Amino acid sequence: MWHRRFICLWAGQTLANLGDVFYIVAFISIIYAATGSVMYTAFIPVVIVASQSVSSLLAPLVFQRLSLTGMLVLSQGLKTILLAAASLAVCSGVGEQGEWIWLLFGLGSTIAFMDGWANPARNAMVPQLVGREDLMRANGLLATSDQTVHFAGWAAGGLLVSWLGAGVVLWGTVGAYVVATIAMTGIAPASEKLREEQAAKATTNWLTGWKTIRDVPVLRLLVAMDVVIGLSGGVWIAAIMLPFVLDVLGQGEEWWGYINAGYMLGAIAGGTLLLMYAERMRRHLFRWIICGTIGVGFFTFCFGSSTNALVALLFSFALGPFLEMVHVSKQTLLQQETEESALPYVMSAKGTIDLLVFGASALVMGAIAEWQGVRAVYYVSAGLLLVAFLFALRLQKKQTEHSSGVSVN
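Residues numbered from 1 in each chain as written. Predicted model: local features only at pLDDT ≥ 70, side-chain atom pairs only at ≥ 80, totals over all residues. Heavy atoms only, no water.

In the nomenclature of an unreviewed UniProt entry, the protein chain is known as MFS transporter of Brevibacillus porteri. Regarding the protein chain, the relevant UniProt record gives this comment under Subcellular location (unreviewed entry): "Cell membrane". (UniProt positions renumbered as here; feature names shortened; annotations may be inferred.)

Pasting the structure below:
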């Protein structure tokens, strides 16, 4: 697993993800200082998610024209140029002029649009860079790196912005993006592999990912399970967790941060365990998907039933390893069950579905919290995870039937 191309992918994407967190923190600081408006500040993640959704939907059109490596290099290179433009704008005083704030929103939206290309390309490249026996470990490493970056990045980004200023942090992020872009160029495949990729493009089109999900039973069940899990995930947004902390647990806003940190630490611990036991888990993917789904549902119910802040914090930590188990196992299964030529398109289609489902979940869970109270949404989430568990059982049965059919033939 530890060869040059995979190291370049892992290091480049980790550095790029850290840069993503830093520039968002800097943008939040600049926009809040310029407008004094919480609404404008809260609009930043909405713009980013919307841009990534549109980009993920259009990514197959780019797959038709570029190799996966070319897509990653182009995406990161354009992000570097756009962030450099944003840094120049900030140094020119845009952050002090509220009427020019739209420029930062536009640049942030375009940078996020590039990520909609990069994410499916990265996930589709992993099976090309590592052997089947190392796929679980590689996915676990990438997932753990992502969680670590998000946990440490927000805290470090806030400290750096307050200490050095948003402009300095943005220029430092531009430097990180430059290094990440250079790292992406190190993923380039051999000429024979490149010819295979180019030949595969002749048999694919914009609908390839959607058709593959529709036609492959295991993928269809896997995506249906993801939709249900995604619908349950809206309970972890700030708009629901903060009232839960304030009204149900009776604690201050700082406990919202503690609970988030507890989950992140749990996810990092879970990712570390995945790396240690990847080989054992790889042989029993379906078992771990089922166990992980049960664990997530159980601890979600327990968290929603909590009245003590410390107990809720412990349940939040316990959720982390089970969510990582489900995520990495499903990701590995999807990569194994999809033809290599169709994998980027499947990843793109699935990414679009995930983003749309998350948005729908936030709206639905918010409405239920308003109607029945904030505690009720955690019970609804646990119920949805029970449905996901039934999908996982069906998924295992379908794969067992398929394996039996192959052995008989």
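The helix and strand tally for the protein chain stands at 16 helices and zero strands. The C-alpha atoms of the protein chain give a radius of gyration of 21 Å, which matches the 22 Å a tight globule of 409 residues would have. Referenced to the eigenvectors of the C-alpha coordinate spread, the extents of the protein chain come out at roughly 70 × 55 × 35 Å. When burial is assessed residue by residue, the protein chain has 51% of its 409 residues classed as buried. Put simply, 84% of the contacts in the protein chain that link residues at least 6 apart link residues at least 24 apart. Of the roughly 18,000 Å² of accessible surface on the protein chain, 68% is carried by carbon and sulfur atoms. (Helix = DSSP H or I, 4+ residues; strand = E, 2+ residues; numbered from the N terminus. Rg over C-alpha atoms; globule rule 2.2 N^0.38 Å. Buried < 20%, exposed > 50% of the residue type's maximum accessible area, 1.4 Å probe, protein only. Contact = heavy atoms within 4.5 Å. Areas by Shrake-Rupley, 256 points an atom, 1.4 Å probe, with all protein chains shown as cover.)

Attention now goes to the packing of helix α14 (residues 309–337) against helix α15 (residues 343–372). Relative orientation of the contacting elements α14 and α15 amounts to 140°, with a least axis distance of 10 Å. With respect to their mutual orientation, α14 and α15 come out oblique. With respect to the hand of their crossing, α14 and α15 are arranged in right-handed fashion. Note on element contacts: α15 touches α14 through L343, V346, M347 and K350, opposite Q331, L334 and Q335. Grouping the constituent residues of the contact of α14 with α15 by class yields four nonpolar, two polar and one charged. (Axes fitted to C-alpha atoms, helices over the stretch in contact; angles between N-to-C directions. Parallel < 35°, antiparallel > 145°, perpendicular 65-115°, else oblique. Left-handed = near helix turned anticlockwise from the far one by under 90°. Nonpolar A, V, L, I, M, F, W, Y, C, P; charged D, E, K, R; others polar.)

Counted under the stated rule, the structure contains eight salt bridges. Measuring nitrogen to oxygen at the nearest pair gives 2.9 Å for the salt bridge that ties D226 to K350. Residue D226 is located in helix α9 (residues 217–232), and its partner K350 is located in helix α15; the two are separated by 124 residues in the primary sequence. Here D226 falls in the buried class, since its relative accessible area comes to 9%. K350 serves as the salt-bridge partner of D354, at 3.0 Å between the closest nitrogen and oxygen. (Salt bridge = Lys/Arg side-chain N within 4 Å of Asp/Glu carboxyl O.)

Per the stated rule, a full pass over the model turns up 13 aromatic pairs. Between the aromatic rings of F113 and W117, the centroid separation amounts to 5.9 Å while the plane-to-plane angle is 65°, which identifies the pairing as edge-to-face. Residue F113 and its partner W117 are both found in helix α4 (residues 101–129); the two are separated by four residues, about one turn of the helix. We classify F113 as partly exposed; its relative accessible area is 22%. Relative accessible area serves as the criterion here: at 11%, W117 is assigned to the buried category. Taking 5.1 Å as the distance between ring centres and 25° as the angle between the ring planes, the aromatic pair formed by F244 and F303 counts as stacked. Taken together, the residues span a long stretch of sequence, with F244 in helix α10 (residues 238–248) and F303 in helix α13 (residues 285–305) at a distance of 59 residues. Accessibility classification places F244 together with F303 in one group, the buried group. (Phe/Tyr/Trp six-rings, centres within 6.5 Å; stacked < 30°, edge-to-face > 60°.)

Right, let's talk about the nonpolar core for a bit. In a soluble, globular protein the nonpolar side chains are often hidden away together inside. Counting residues in each nonpolar core, the largest one holds 63 residues, and the members touching the most others are L72, I187 and L333. With near-sequence residues (within four places) excluded, L72 lies in contact with L9, Q13, A118, A121, R122, M125, M184 and I187. One finds V25, L104, V169 and V174 within the second-largest nonpolar core, a separate group that totals 30 residues. (Core = buried A, V, L, I, M, F, W, Y, C linked by side-chain atoms within 4.5 Å.)

Time to look at the environment of L265. Among the secondary structure elements, L265 is positioned in helix α11 (residues 254–276). C-alpha separation for the pair L265 and G359, spaced 94 residues apart in sequence, amounts to 25 Å. Leaving out residues up to four positions away in the same chain, L265 has contacts with F151 and F317.

On to the side chain of K350. With relative accessibility at 13%, the residue K350 sits in the buried group. If sequence neighbours within four positions are ignored, K350 has contacts with I213, D226 and L334.

Now for helix α5 (residues 135–164). Its 30 residues place the ends of α5 40 Å apart at the C-alpha level, agreeing with the 44 Å of an ideal helix rising 1.5 Å per residue. Most pronounced at G153, the bend in α5 amounts to some 30°. Following α5 by one or two positions, G165 has its phi on the positive side, about 100°. (Expected span 1.5 Å × (residues − 1). Bend = angle between axes of the 7 residues up to and from the residue.)

For S348, the position within the fold is in helix α15. Look at S348 and you get buried, because its relative accessible area is 1%. For S348, the contacting residues outside a window of four places in its chain are S56, A59, P60, F63 and P120.

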